[in-house]
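Structural description and commentary
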Amino acid sequence: MNKYFYYNYFIVAFANLLVFVPYVIIQHRYNGAAIAIGLGFIIGTILLYLFIRASQKFPGKDIMDIVEETKQRWFFLIFIPLKTLVSITSSLLVVGGYAIIVSRYLNPDGNLGAVIALVLIAVGYAATRNLLSVAYILEFMVVVAIPLILFIVFKTLMNPLFTFDSVRAVANHYSHMPNLLTVAAAAFMFSGFGNLSLFIEKKDRPLKFRYCWPAPILMLLLLISTILIPIGILGSETAAEYYFVWTVASDATQMPFGFIERLMFLFIIVLLIIAVTYTVIVLNQVINICKRTIMSMRKNNSKEQSKYMAYYIYGILGLTILILVIKTNDFQLEQLAMWYLVVSFITEVCFTLIFYIIVMVKGNKTNETKHT
Amino acid sequence: MLDELKNLIVDSDDLIQNKLKNPTDPNELELAYLLPLCDLDKLNRFITVPFSRNSYSFSQLLESNPNFTKIEDLKEGVDLMLTGNALVSYKQKVYAFEAITWKHVDSPETKIENAIRGPQHAISEHPLYALNIIRNGYASTNLVVKKYDAGTVSKTNTYMLYDDRLADINIIKEIEKKLVSIEEEIVSSPIELELRLMNSKYRLFPNFLLTERVDRISKALQQGKVVIIMKGSQFALICNVNFFDFMHSAEDNYESFWISKLLITIRYIALLFTVTLPGLYIAILSYNPEFVRLQLAFNLVASRSVVPYPAFIEVFIMLFLIEILVEASLRVPRLIGPASTTVGGLILGSAIQQAGLVSSIMIIVTSLVAISNFVVPIYSMSLAIRFLKYPIIVLSIFFGLTGLFVGLFFYIAYLCQMRSYGVPYFNTFLQEKFKVKKEKLT
């Protein structure tokens, strides 16, 4: 189902604001941001292509099935835990980022722990549903979010404070070589296909690259505006001084005719939609993987037990995230985000390449045996 | 004829097929008609009685009476049957006999789902009259009517209707299983049946659509849904519905495209208002007055300046007031209904604001919430939505704007996981068309 591919891809890309992607790239605006964006786009598109090609060999199966079928136990043992861990970290970052924004801009004297607990309860309810329900939630949320995001981008672009001079000042440094972190940050925008692994299981129509190529291009445009609009509004120097540069950039924008005058509030609402939906998608995937692993290890699984297993798994996950978010401060979260971006980038590249090679080799073999 | 008929029209409990014999006549008479559509009295007078008396040669009667038309092709005969003709086969010749009755006039007017330009009559409490109206509105050879008795003591006649070609066999089987297994002693209304058929007691949203309109029933049948009607009730139960059916008024079918789309959009905006406004009021006033533009924030705070307690108490007072007003105007006898609304709405509303117990903006919010709630076309959904604002209010009290939006997200997640007989309840864009069923009922 190509529709769900787009939703997934978009929601991951939208979540970039919460995992410090604009922060990282704007930090390196004079040394390699432009090339990093280009590299990220190219790497992301190639990986997407390889992933789609590989998954086409096994129509109607999700990633766990494919890995099981290829019978590469080491692959299973290394990458599935790694990917799960990376996913959990990303949801931790997203919830933590949202918590910081709420405590700074929306609710400074509220009880942060309670707010995060509430968000996590709602996320838990949604993430423990079955895959189809999660797909519907994703669909609804993305469809609600996209017009709002377009509106925010449009509004900030039309901001009279927006100066192209600072954009040009940054753009002049296009020829510098980037470091790994910047490329990894840029590539995060295009890593939405990694989340797909469960959604490919929609049987009727396998994913085709023919229908998917506009997604990276759209997200490239979004990434460029994500980086350049704050620079244009805040200036090339000031933009680097904020962790969540977009909240400040949107707060510098006024909606003179609306009930809501400050664009920032609209932005925070959109951010909540994105944060919650992203966490639901990622944690649902983690829960499913854990559930299947536990089920395959145990011999006798009653239906009743498997029903409650999702709740147990989520209980552990949710509590961990809650405690970690309350215990970390902005600085630790930023450090974690740096590590996360690099590790997830390397994992994604290795995983997709090895996955592609294994599937191509194995897939050809199974096809040959079928023919003979 | 009867054997041939089996291929042309689907077997249904209201399709009557008789073979009549008379000892003085060597020929058999075959008679087929749809029970709800035909006037039995007329059939007796013109077919059954003359045939059994046999005082006048029956074949001559068929030829001489202009009410009988000879049918060459049985397909044509089936079409005539759907419009209230009885088919008579005598000596290998088939005749159609017009015996249609119209029960529209006997049925009551719609009381709850009014449409300005649509049909004005509801289905009847008499099940055969109701079937007559439905059969007239949905004259298809594929319409199946199945009869059950609900309640061990009351033995209430219950009819399940569906289009054999369009409806999903699994849904039919599941509903059938539940209808047969009802163990209550007395079942007197489809609402009771609705509660029995439900899987979970603690459902937030209605899983069935209770309607009194014929056009809605025909539309539902055409969409492959299952309809249940019951003796003694002018409401039909439409099974396997989704959320958007509840927001669709029968009136929408009779308006032009843009107007109906506008009306539907307005309905959804009203839905958003009625659910979020009280929560928003609390969240803005207690947590983020800067959320709205400055002048509006001043207005809000100024109108509240005389109110001695926090915003949420104000909200609770006003919502309680409006709920009891709505309840009172429903329960009170019709004649004093207007008096209660005048006392409640006008006198209490303005006085409570002048007394400084609630702010004037809160009165606007409350009435907007109540009016927006009435916009929802189906009563059961309107009730469900009336409930939705309270959890949101509680969340707003404790968590402000975040609580409000998390609450909304929770509702969306809840709707997304709901299924009505396996059919997704809240699939925004994935309107799965019911596929033409290959498996036939055995």
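Residues numbered from 1 in each chain as written. Chains lettered and ligands numbered in written order. Predicted model: local features only at pLDDT ≥ 70, side-chain atom pairs only at ≥ 80, totals over all residues. Heavy atoms only, no water.

Re the overall build of chain B
Assigned secondary structure in chain B consists of 15 helices and 12 strands. For 442 residues, the compact-globule formula gives about 22 Å, and the C-alpha radius of gyration of chain B, at 28 Å, lies well above that figure. Taking all 442 residues of chain B together, the buried fraction comes to 52%. Taking contacts inside chain B between residues at least 6 apart in sequence as the whole, the part at least 24 apart equals 68%. Surface accessibility of chain B: about 21100 Å² in total, with carbon and sulfur atoms responsible for 60%. Side-chain charges of chain B comprise 43 positive and 43 negative groups, with the mean position of each set lying 3 Å from the other. (Helix = DSSP H or I, 4+ residues; strand = E, 2+ residues; numbered from the N terminus. Rg over C-alpha atoms; globule rule 2.2 N^0.38 Å. Buried < 20%, exposed > 50% of the residue type's maximum accessible area, 1.4 Å probe, protein only. Contact = heavy atoms within 4.5 Å. Areas by Shrake-Rupley, 256 points an atom, 1.4 Å probe, with all protein chains shown as cover. Lys, Arg positive; Asp, Glu negative; His and termini not counted. Charge placed at Lys NZ, Arg CZ, Asp CG, Glu CD.)

Comments concerning the overall build of chain A
In terms of helices and strands, chain A carries 15 helices and zero strands. In summary, chain A has a C-alpha radius of gyration of 21 Å against a globular reference of 21 Å for 372 residues, a match within 12%. In terms of overall dimensions, chain A has a C-alpha envelope of 70 × 45 × 35 Å along the principal axes. For chain A, buried positions account for 59% of its 372 residues. Across chain A, the fraction of contacts at a sequence separation of at least 24, relative to all contacts at a separation of at least 6, is 87%.

Overview of helix 6 (residues 112-127) of chain A
The end-to-end C-alpha distance of helix 6 of chain A is 22 Å, a good match for the 22 Å that 16 residues give at a rise of 1.5 Å each. When you tally the buried positions in helix 6 of chain A, you get 12 out of 16 residues, the bulk of the element. For helix 6 of chain A, the full list of buried residues reads A:Gly113, A:Val115, A:Ile116, A:Leu118, A:Val119, A:Leu120, A:Ala122, A:Val123, A:Gly124, A:Tyr125, A:Ala126 and A:Ala127. On its buried face, helix 6 of chain A sits against helix 5 (73-106), helix 7 (131-157), helix 13 (263-297) and helix 14 (303-327) of chain A together with helix 15 (379-417) of chain B. Capping the start of helix 6 of chain A, A:Asn111 holds a side-chain oxygen 3.2 Å from the backbone nitrogen of A:Gly113, two or three residues further along. (Expected span 1.5 Å × (residues − 1). Polar contact = N/O pair within 3.5 Å; in protein donor to acceptor, adjacent residues only side chain to side chain.)

A word on the nonpolar core
Within the largest apolar cluster, 220 residues are counted, with the highest numbers of intra-cluster contacts made by B:Leu161, B:Phe205, B:Ile229 and B:Met381. Here this core gets 22 residues from one element, more than from any other, and that element is helix 13 of chain A. Those residues within four positions of B:Met381 in sequence are excluded, and the remaining contacts are B:Phe205, B:Pro206, B:Phe243, B:Phe246, B:Val376 and B:Tyr425. (Core = buried A, V, L, I, M, F, W, Y, C linked by side-chain atoms within 4.5 Å.)

Quick word on the interface of chain A and chain B
With 38 residues of chain A in contact, the opposing surface of chain B contributes 30 residues. Carbon and sulfur atoms make up 72% of the surface buried where chain A meets chain B, a total of about 3000 Å² over both sides. Among the residues of chain A in contact with chain B, A:Leu118, A:Tyr125 and A:Tyr136 are the three that bury the most area, contributing 22% of the side total. Connecting chain A to chain B are one salt bridge. With a shortest N-O distance of 3.9 Å, B:Arg293 and A:Glu261 are connected by a salt bridge. Across the chain A-chain B interface, the total number found is six residue pairs in polar contact (both at pLDDT 80 or more). When contributions to the side of chain A that touches chain B are tallied by element, the ones reaching two or more residues are helix 1 (2-14), helix 5, helix 6, helix 7 and helix 13 of chain A. (Buried area = accessible area lost by both parts, 1.4 Å probe. Salt bridge = Lys/Arg side-chain N within 4 Å of Asp/Glu carboxyl O.)

Topic: a nonpolar patch on the surface
Residue and element names in this part refer to chain B. Nonpolar side chains collect at one region of the surface, where Ile112, Leu330, Tyr379 and Leu383 lie side by side and expose about 360 Å² of accessible area between them. For Tyr379, the location among the structural elements is in helix 15. Residue classification places Tyr379 among the partly exposed residues on the basis of a relative accessible area of 41%. (Patch = residues over 30% accessible without salt bridge, like charges linked within 9 Å, V, L, I, M, F, W, Y side chains within 5 Å.)

Structural notes on the confidence of the model for chain B
Residue and element names in this part refer to chain B. When pLDDT is averaged along chain B, the result is 84; 96% of the residues meet or exceed 70. Predicted confidence for residues 431-442 stays below pLDDT 50, and this span has 22 contacts to residues more than four positions away or in other chains. Here the complex is predicted with pTM 0.89, and the ipTM for its interfaces comes to 0.91. (pLDDT = per-residue confidence, 0-100.)

A look at the side chain of A:Ser191
Residue and element names in this part refer to chain A. Its place among the elements puts Ser191 in the loop between helix 9 (180-188) and helix 10 (209-212). Here Phe188 takes part through its backbone oxygen, which lies 2.9 Å from a polar atom of the side chain of Ser191. In contact with Ser191, not counting residues within four places along its chain, are Val12 and Glu348.

With respect to the sheet that holds strand 2 (residues 25-34) of chain B
All names here are of chain B. Across the sheet, five strands lie side by side as 1-2-4-5-3; this open sheet has antiparallel pairing. On the outer flanks of this sheet lie strand 1 (15-22) and strand 3 (68-71), each paired with one strand and no other. Pairwise comparison of adjacent strand axes, ignoring direction, gives a mean angle of 25 degrees for this sheet. As judged from the four bridges shared by strand 3 and strand 5 (residues 93-98), these two strands associate in the antiparallel manner. (Pairing = 2+ DSSP bridges. Axes fitted to C-alpha atoms, helices over the stretch in contact; angles between N-to-C directions.)

Here's the deal with the environment of B:Tyr162
Residue position: B:Tyr162 is located in strand 7 (residues 156-163). A C-alpha to C-alpha distance of 35 Å links B:Tyr162 and B:Thr274, two positions 112 residues apart in sequence.

Some thoughts on the side chain of A:Thr352
Considering the arrangement of structural elements, one finds A:Thr352 in helix 15 (residues 330-371). With residues up to four places along the chain from it excluded, the contact list for A:Thr352 reads A:Leu47, A:Leu50, A:Phe51 and A:Phe193.

As for the pattern of salt bridges
Residue and element names in this part refer to chain B. In the structure shown here, the tally under the stated rule is 20 salt bridges over all chains. With a closest N to O distance of 2.6 Å, Asp245 and Lys225 form a salt bridge. Placement of the pair is Asp245 in helix 9 (residues 243-246) and Lys225 in the loop between helix 8 (214-222) and strand 9 (227-230), with a sequence separation of 20 residues. Taken as a pair, Asp245 and Lys225 share a single burial class, namely buried.

Comments concerning a negative patch on the surface
Residue and element names in this part refer to chain B. Judged by side-chain charge, Asp3, Glu4, Glu72, Asp73, Glu76 and Asp79 come together as a negatively charged surface patch. Residue assignment for the negative patch shows that the elements contributing at least two residues are helix 1 (2-8) and helix 4 (74-82). Topologically, Glu76 is positioned in helix 4.

Focus: the sheet that holds strand 10 (residues 236-238) of chain B
Residue and element names in this part refer to chain B. Taken in spatial order, the five strands of this open sheet run 6-7-9-10-8, and their pairing is antiparallel. What marks the edges here is a single partner per strand, and that holds for strand 6 (143-150) and strand 8 (209-211). The average angle at which neighbouring strand axes cross in this sheet is 25 degrees, direction not considered. For strand 9 and strand 10, the ladder comprises two bridges, and the chain directions are antiparallel. Within strand 10, the residue paired with Val227 across the bridge is Ile238.

So, the packing of helix 7 of chain A against helix 13 of chain A
All names here are of chain A. Relative to each other, helix 7 and helix 13 sit at 150 degrees, their axes nearing to 9 Å. It follows that helix 7 is roughly antiparallel to helix 13 by the angle criterion. Note on packing geometry: the crossing formed by helix 7 with helix 13 is left-handed. For the pair helix 7 and helix 13, contact is made by Leu131, Val134, Leu138, Met141, Val144, Ala145, Leu148, Ile149, Phe151, Ile152, Lys155 and Thr156 and by Leu263, Leu266, Phe267, Val270, Ile273, Ile274, Thr277, Val280, Ile281, Asn284 and Asn288, respectively. For the contact of helix 7 with helix 13, the residue count by class is 18 nonpolar, four polar and one charged. (Parallel < 35°, antiparallel > 145°, perpendicular 65-115°, else oblique. Left-handed = near helix turned anticlockwise from the far one by under 90°. Nonpolar A, V, L, I, M, F, W, Y, C, P; charged D, E, K, R; others polar.)

Some remarks on unusual backbone geometry
Residue and element names in this part refer to chain B. One non-glycine residue, Lys91, adopts positive backbone phi at about 55 degrees. For Lys91, the location among the structural elements is in the loop between strand 4 (85-90) and strand 5. Judged by its relative accessible area of 43%, Lys91 falls in the partly exposed class. Even without glycine at this site, Asn240 takes up a positive phi of about 25 degrees.

Description of the pairing of strand 5 of chain B
Residue and element names in this part refer to chain B. Sheet analysis places strand 4 next to strand 5, joined by six bridges and oriented antiparallel. Residue pairing in the sheet places Leu87 in a bridge with Ala96 of strand 5. Where strand 4 folds back onto strand 5 in an antiparallel hairpin, the turn is made up of two residues, including Lys91, whose phi is positive at roughly 55 degrees.

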